[in-house]
Amino acid sequence: MRWCFLVAGQAAEEPGMGRALLEDPDAAEVIARASDELSLDVPLLLRRGGPQLDRTEVAQTVAVALAAAAIAGLRTRGVHPTLAAGHSLGELGAWIATGGPSSGDGVALAAARGRLLADQATRTPGGLLALTVATGFRASQREEVLADAAALGLALAADNALVELVLSGPFEGLEALRARHGGRMVLGVGPWHHPVMAPVVPRWRAALDGVVADDAVGFVSSVTTELVAAEGIREHLATAVVRTVRWRQTLARLPALGVDAVVLPGLSRTMRGLLRLNEFPLPVFSGTTPRELDAIAALGSSGAC
C-alpha cells in the first residue's frame, strides 16, 4: 500500500481532538512532549478544552503534536508513508512523517514557530479571511477577488479549492474585502503567509538549522507541489511562512505521484472538508483514534484499499 499522509495546520481544531490518542501509549508519549514545550498540561487541556488553545503558540504546538502522535502510533503498527504533504504548519508534520526530525524535535519546532509568528503578529497585526462561494468560483470572480485583495494590501495565503480562497493581511483590508465579497474571519490567527511575516524567516531558519534530522524521502511541497530533496526541506519550511499555500494544486498532483490512498493523522475534519471541495479521487482514512490506526494498519497489511 502506497500511503500519502496529509497533515492539517492551525485552525483545523475540532471538538474532542486528541482525547482518544491519549489512550495509545506511543501517541501519549509524543503529546507529553508538547506539555514540556508549553509548560502546560496538554492532556488535561485536550480533555477540558479552554481559551488557551486559541493562542498561536499553543494551537500550533498541539496541532503538530497530535499529528506526530498519530504518526508514532502508525509507525508502531508498521505503517509508513510513501509521500507526505502538509497544509502550512502541517508541513512540519509531513517532515516528521517522511523521516526528518524526531517526533519530539518536531513538536519543539512547532512551539518555536508558534512563538515566532505570535511575536511578529503583535508587531504587524492582522488576520485571515476565508472566502467561499458554494456555487463555484468562475475564473473572472477569482481574478476580481485577487485584484481587490492586492489593491487593499492583502496576500493570497492559501488557494484551498476552486471555491475557497484564504486572504491575509491587515484587519482593515480584510474587513473591506469582506464587505465587497463576503467570507468569514478565521479566529485565533495572524496575517500568516503575508510579506509582513518576513522578519520571522531568518529566526525560523535558525531554529530549523538547530535540529538534527535524518534524510526525509517523499516530502511534497504545498507551495510548489514538487518533491523536495532532503537537503532542501529546511529552506523550504523557512520561506514557506511568507508564501502561498497551493493546496488545490497539491491535491491535484498526488494521484499522478502513484499513491493508493491518503491518511489524515491527528486532525481530520477540516482536511476532509478540503478534500471534498476538491473532489479528491483517492480513498481517505482518518488517523485520530487507536481504533482508526489499527484499521489503517490492517488495510496496509492486507493490500486492500
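Residues numbered from 1 in each chain as written. Predicted model: local features only at pLDDT ≥ 70, side-chain atom pairs only at ≥ 80, totals over all residues. Heavy atoms only, no water.

### What about the overall build of the chain?
Threshold: The way it works is that DSSP assigns letters per residue, a run of H or I at least four long becomes a helix, a run of E at least two long becomes a strand, and they are numbered from the N terminus. We compute the radius of gyration from the C-alpha atoms alone; for a globule the expected value is 2.2 Å times N to the 0.38, where N is the number of residues. Accessibility here uses a 1.4 Å probe with only protein chains present; expressed as a share of the type maximum, an area under 20% marks a residue as buried, one over 50% as exposed, and anything in between as partly exposed.
From N to C terminus, the chain includes 12 helices and eight strands. Radius of gyration (C-alpha) of the chain: 18 Å, near the 19 Å computed for a compact globule of 305 residues. The principal-axis extent of the C-alpha atoms belonging to the chain is close to 50 × 40 × 40 Å. Here the chain holds 305 residues, and the buried ones make up 56% of them.

### Notes on the sheet that holds strand 3 (residues 127-132)
The line we're drawing: A pair of strands is considered paired only if DSSP assigns at least 2 bridges between the two. Each axis is a line fitted through C-alpha atoms, and for a helix only the stretch in contact is used; angles between axes span 0 to 180 degrees, taken between their N-to-C directions.
Overall, antiparallel pairing links the four strands, which are arranged 4-5-3-6 in an open sheet. Where the open sheet ends on each side, the last strands, each with one partner, are strand 4 (155-161) and strand 6 (184-186). Shown here is a sheet whose adjacent strand axes are inclined to one another by a mean of 25 degrees, direction ignored. Bridge count between strand 3 and strand 6: three bridges; the pairing is antiparallel. Considered in strand 6, the bridge of Leu 128 is made with Val 186.

### Comments concerning the packing of helix 1 (residues 25-38) against helix 5 (residues 103-123)
Our working rule: By convention, the crossing between two helices is left-handed when the near helix turns anticlockwise from the far helix through less than a right angle, and right-handed when the turn is clockwise. It only takes one pair of heavy atoms within 4.5 Å for two residues to be counted as in contact. All residues other than Ala, Val, Leu, Ile, Met, Phe, Trp, Tyr, Cys, Pro, Asp, Glu, Lys and Arg, Gly among them, are scored as polar; the first ten of these are nonpolar and the last four charged.
Running from N to C, helix 1 and helix 5 cross one another at 40 degrees; their axes reach a closest spacing of 9 Å. Like other packed secondary-structure pairs, helix 1 and helix 5 cross with a definite hand, here right-handed. Seen from helix 1, the contacting residues are Val 30, Arg 33, Ala 34 and Glu 37; seen from helix 5, they are Ser 103, Gly 104, Asp 105, Val 107, Ala 108, Ala 111 and Arg 115. When the residues that make up the contact of helix 1 with helix 5 are grouped by side-chain class, the tally is five nonpolar, two polar and four charged.

### Observations regarding empty space enclosed by the protein
Cut-off, in case you're wondering: Cavities and pockets were defined on a 1 Å grid built from protein atoms only: a cavity is a group of points that admits a 1.4 Å probe but offers it no way out, a pocket is an open group of points flanked by protein on both sides within 12 Å along at least five of seven lines, and a lining residue is one with an atom within 4 Å of any such point. Grid points are joined across faces, edges and corners, and a volume is the space filled by probe spheres set on the points.
Scanning all chains against the criterion turns up one cavity of 30 Å³ or more. Volume-wise, the largest cavity comes out at about 70 Å³. Every residue lining the largest cavity is listed: Ser 88, Leu 89, Glu 91, Leu 92, Arg 113, His 193, Trp 204, Leu 237, Ala 240 and Val 241. Of all the secondary-structure elements, those providing two or more residues to the lining of the largest cavity are helix 4 (90-97) and helix 9 (233-240). For the lining of the largest cavity, a count of residues per class yields six nonpolar, two polar and two charged.

### Remarks on the layout of surface pockets
Here the largest pocket is characterised by a volume of approximately 650 Å³. Mapped onto the lining of the largest pocket, the elements with two or more residues apiece are helix 5, strand 3, strand 4, strand 5 (164-169), strand 6 and helix 11 (269-277). Classifying every residue of the lining of the largest pocket by side-chain character gives 21 nonpolar, nine polar and five charged.

### Some points on the side chain of Thr 61
Note the threshold: Think of a polar contact as two N or O atoms within 3.5 Å of one another; within protein, one of them needs to be a possible hydrogen donor and the other a possible acceptor, and neighboring residues in sequence only count if both atoms come from side chains.
In this structure, Thr 61 sits in helix 3 (residues 56-76). A polar contact is formed between the side chain of Thr 61 and the backbone oxygen of Glu 57, at a distance of 2.6 Å. In this structure Thr 61 touches Ala 34, Leu 38, Val 107, Ala 110 and Ala 111, once residues within four positions along its chain are discounted.

### Quick look at helix 8 (residues 200-209)
Let me state the cut-off plainly: Starting at the helix axis, one direction is taken to each C-beta atom, and the arc is that of these directions.
Every buried residue of helix 8 is accounted for by Val 200, Val 201, Trp 204 and Leu 208. In a view along the axis of helix 8, the buried residues occupy a sector of 90 degrees, so they form one face of it.

### Considering helix 3
Rule in force here: Between the first and last residue of a helix there are one fewer steps than residues, each counted as 1.5 Å, and that sum is the expected span.
The terminal C-alpha atoms of helix 3, which comprises 21 residues, lie 30 Å apart, in line with the 30 Å expected from a rise of 1.5 Å per residue. Among the 21 residues that make up helix 3, 19 are buried, leaving the element largely enclosed by the rest of the structure. Count one or two residues on from helix 3 and you reach Gly 78, which has phi positive near 85 degrees.

### Notes on the packing of helix 4 against helix 5
Note the cut-off: For this classification, under 35 degrees means roughly parallel, over 145 means roughly antiparallel, 65 to 115 means roughly perpendicular, and everything else is oblique.
Look at helix 4 against helix 5: their axes get within 10 Å of each other, and the N-to-C directions meet at 165 degrees. Put simply, helix 4 runs roughly antiparallel to helix 5. Here helix 4 and helix 5 pass one another in a crossing that is right-handed. Contact residues: helix 4 offers Leu 92, Trp 95 and Ile 96, while helix 5 offers Ser 103, Gly 106, Leu 109, Ala 110 and Arg 113. When grouped by side-chain class, the residues that make up the contact of helix 4 with helix 5 number five nonpolar, two polar and one charged.

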